[in-house]
Structure formats: structure tokens, C-alpha cells
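# Analysis of the macromolecular model
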Amino acid sequence: MDIQFGPYRLRLADRRLLGPQGPVELSARSFDILAMLLSRPDEVIAKAAILDLVWPGVAVEDNTLQVHVSALRKVLD
């Protein structure tokens, strides 16, 4: 299944993000965060829920999520 948003297409089957200029490089964690956010467009998702999905069973620092969200903002304009 693909998720289309603006000029981007998130291809879940092969874990790729395609933009207007072609493939967009994303880390695996950034891809997972983006996929989660796009799968729940009308929901406010708690930080804990994102951390549990993307880093299951792993303790991560609060700024780790911020780093990945910042990376997403850069590649998505």
C-alpha cells in the first residue's frame, strides 16, 4: 500500500519515499515515524506511542525523536 501526501508517495512495501525529484533518503527510524504519522492523519499521537513503535523495548533519550522529526522536516521542505 502507498500513502500519497502532497507531492510525495510513501511506498510501504519497499520502504521508500518518493518525492517530486525522485527517491528521498530516509533512515529506517525516520521512515517508521513518518509511516506512523501518515497512518493516523487525524490523531494526536503521544510521544510514548511513537517511541514504543519505533524503538520497542529500547530506552532512548527524548532528543532522539526530535532529531528524526527534524530530519523529516528537512527532506519534506
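The shown structure was predicted, so the numbers you read here are calculated from the model rather than taken from an experiment.

Scanning the chain for helices and strands turns up three helices and four strands. Order of helices (α) and strands (β) in the chain, N terminus to C terminus: β-β-β-β-α-α-α. Against the compact-globule benchmark of 11 Å for 77 residues, the chain has a radius of gyration of 12 Å, which places it among compact chains. C-alpha extents for the chain along the principal axes are approximately 35 × 20 × 20 Å. Burial statistics for the chain: of 77 residues in total, 27% are counted as buried. Counting only contacts in the chain whose residues sit at least 6 apart along the sequence, the fraction spanning at least 24 positions is 31%.

Looking now at the pattern of salt bridges. If the charged atoms of two oppositely charged side chains come close together, the side chains can form a pair. Going through the model one piece at a time under the given rule, you end up with three salt bridges. A salt bridge links Arg11 to Asp14; its shortest N-O distance comes to 3.0 Å. Owing to a relative accessible area of 29%, Arg11 belongs among the partly exposed residues under this scheme. For Asp14, a relative accessible area of 33% gives the class partly exposed. The partner of Arg15 in a salt bridge is Asp32, with the nearest N and O atoms 2.9 Å apart. Here the residue Arg15 occupies a position in the loop between strand S2 (8–11) and strand S3 (16–19), and Asp32 occupies one in helix H1 (residues 28–39), the gap between them amounting to 17 residues.

Reading across from one edge, S1-S2-S3-S4 is the order of the four strands in this open sheet, with antiparallel pairing throughout. Two strands lie at the open edges of the sheet, namely strand S1 (2–5) and strand S4 (22–24), each paired on one side alone. Across the sheet, the mean angle separating the axes of adjacent strands is 30° when strand polarity is ignored. Direction of pairing for S1 relative to S2: antiparallel, over a ladder of four bridges. Along S2, the bridge assignment pairs Phe5 with Tyr8.

So, how was this worked out
- Residues numbered from 1 in each chain as written.
- Predicted model: local features only at pLDDT ≥ 70, side-chain atom pairs only at ≥ 80, totals over all residues.
- Heavy atoms only, no water.
- Helix = DSSP H or I, 4+ residues; strand = E, 2+ residues; numbered from the N terminus.
- Rg over C-alpha atoms; globule rule 2.2 N^0.38 Å.
- Buried < 20%, exposed > 50% of the residue type's maximum accessible area, 1.4 Å probe, protein only.
- Contact = heavy atoms within 4.5 Å.
- Salt bridge = Lys/Arg side-chain N within 4 Å of Asp/Glu carboxyl O.
- Pairing = 2+ DSSP bridges.
- Axes fitted to C-alpha atoms, helices over the stretch in contact; angles between N-to-C directions.

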